[in-house]
Structures are given as structure tokens and as C-alpha cells.
Amino acid sequence: MNDLTPNERVVVRLIEAARSTYLTLPPERRDEAMEFRRKLDEAAAVVKLRPAHRAASGEIA
């Protein structure tokens, strides 16, 4: 996470906080928590890949 901008780090931390908070909710469907975690992991991956995209395009953060 060292190559992320401060705002990108905030987004990743918010996603992690959403995951933690969500897991305190009582489940309503069997695979609900796993599905939610997977989608949040996908969202975090998009943010975490931003430095690689910048590097590939020659941009500097």
C-alpha cells in the first residue's frame, strides 16, 4: 500500500472498515457474508491496482 496516494489509502481503509462493520450484522442468507467480502475484496483490488496503472502509463502519483 506504499504506492497509494493518501486518498487511495483512505478508500482502502473505508472498504476494510465496511467489511468489519458488516460482519457484525446478523446473517440473513447462508452465503451473504462470503459474497459481501468477495465484492469488497474486488473493490479494494481496483484501488490497490491504481499505482500499477499510473506506472504503466508513465504518470507519477
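Residues numbered from 1 in each chain as written. Predicted model: local features only at pLDDT ≥ 70, side-chain atom pairs only at ≥ 80, totals over all residues. Heavy atoms only, no water.

Caption draft 1: How the structure looks around the packing of helix α1 (residues 6-22) against helix α2 (residues 32-48). The interhelical angle for the contact between α1 and α2, taken along N-to-C directions, is 175 degrees, at an axis separation of 10 Å. With respect to α2, the element α1 is oriented roughly antiparallel. Touching E8, V11, V12, I15, A18, R19 and Y22 of α1 are E32, A33, F36, R37, L40, D41, A43, A44, V47 and K48, all from α2. Residues of the contact of α1 with α2, tallied by class, amount to 11 nonpolar, no polar and six charged. (Axes fitted to C-alpha atoms, helices over the stretch in contact; angles between N-to-C directions. Helix = DSSP H or I, 4+ residues; strand = E, 2+ residues; numbered from the N terminus. Parallel < 35°, antiparallel > 145°, perpendicular 65-115°, else oblique. Contact = heavy atoms within 4.5 Å. Nonpolar A, V, L, I, M, F, W, Y, C, P; charged D, E, K, R; others polar.)

Caption draft 2: Local environment of the packing of aromatic side chains. For the structure on display, the rule yields one aromatic pair. With centroids separated by 3.8 Å and ring planes inclined at 15 degrees, the aromatic side chains of Y22 and F36 adopt a geometry described as stacked. Of this pair, Y22 sits in helix α1 while F36 sits in helix α2, and the two are 14 residues apart along the sequence. With a relative accessible area of 27%, F36 lands in the partly exposed category. (Phe/Tyr/Trp six-rings, centres within 6.5 Å; stacked < 30°, edge-to-face > 60°. Buried < 20%, exposed > 50% of the residue type's maximum accessible area, 1.4 Å probe, protein only.)

Caption draft 3: View of the pattern of salt bridges. A full pass over the atoms with the stated rule returns five salt bridges. For R50, the salt bridge is made with E8, and the minimal N-O distance between the two is 2.5 Å. Placement of the pair is R50 in helix α3 (residues 50-57) and E8 in helix α1, with a sequence separation of 42 residues. Given the relative accessible area of 5%, E8 is considered buried. Two residues, E35 and R29, come together in a salt bridge whose shortest N-O distance is 3.3 Å. (Salt bridge = Lys/Arg side-chain N within 4 Å of Asp/Glu carboxyl O.)

By themselves, these figures tell us nothing about what the structure is for.
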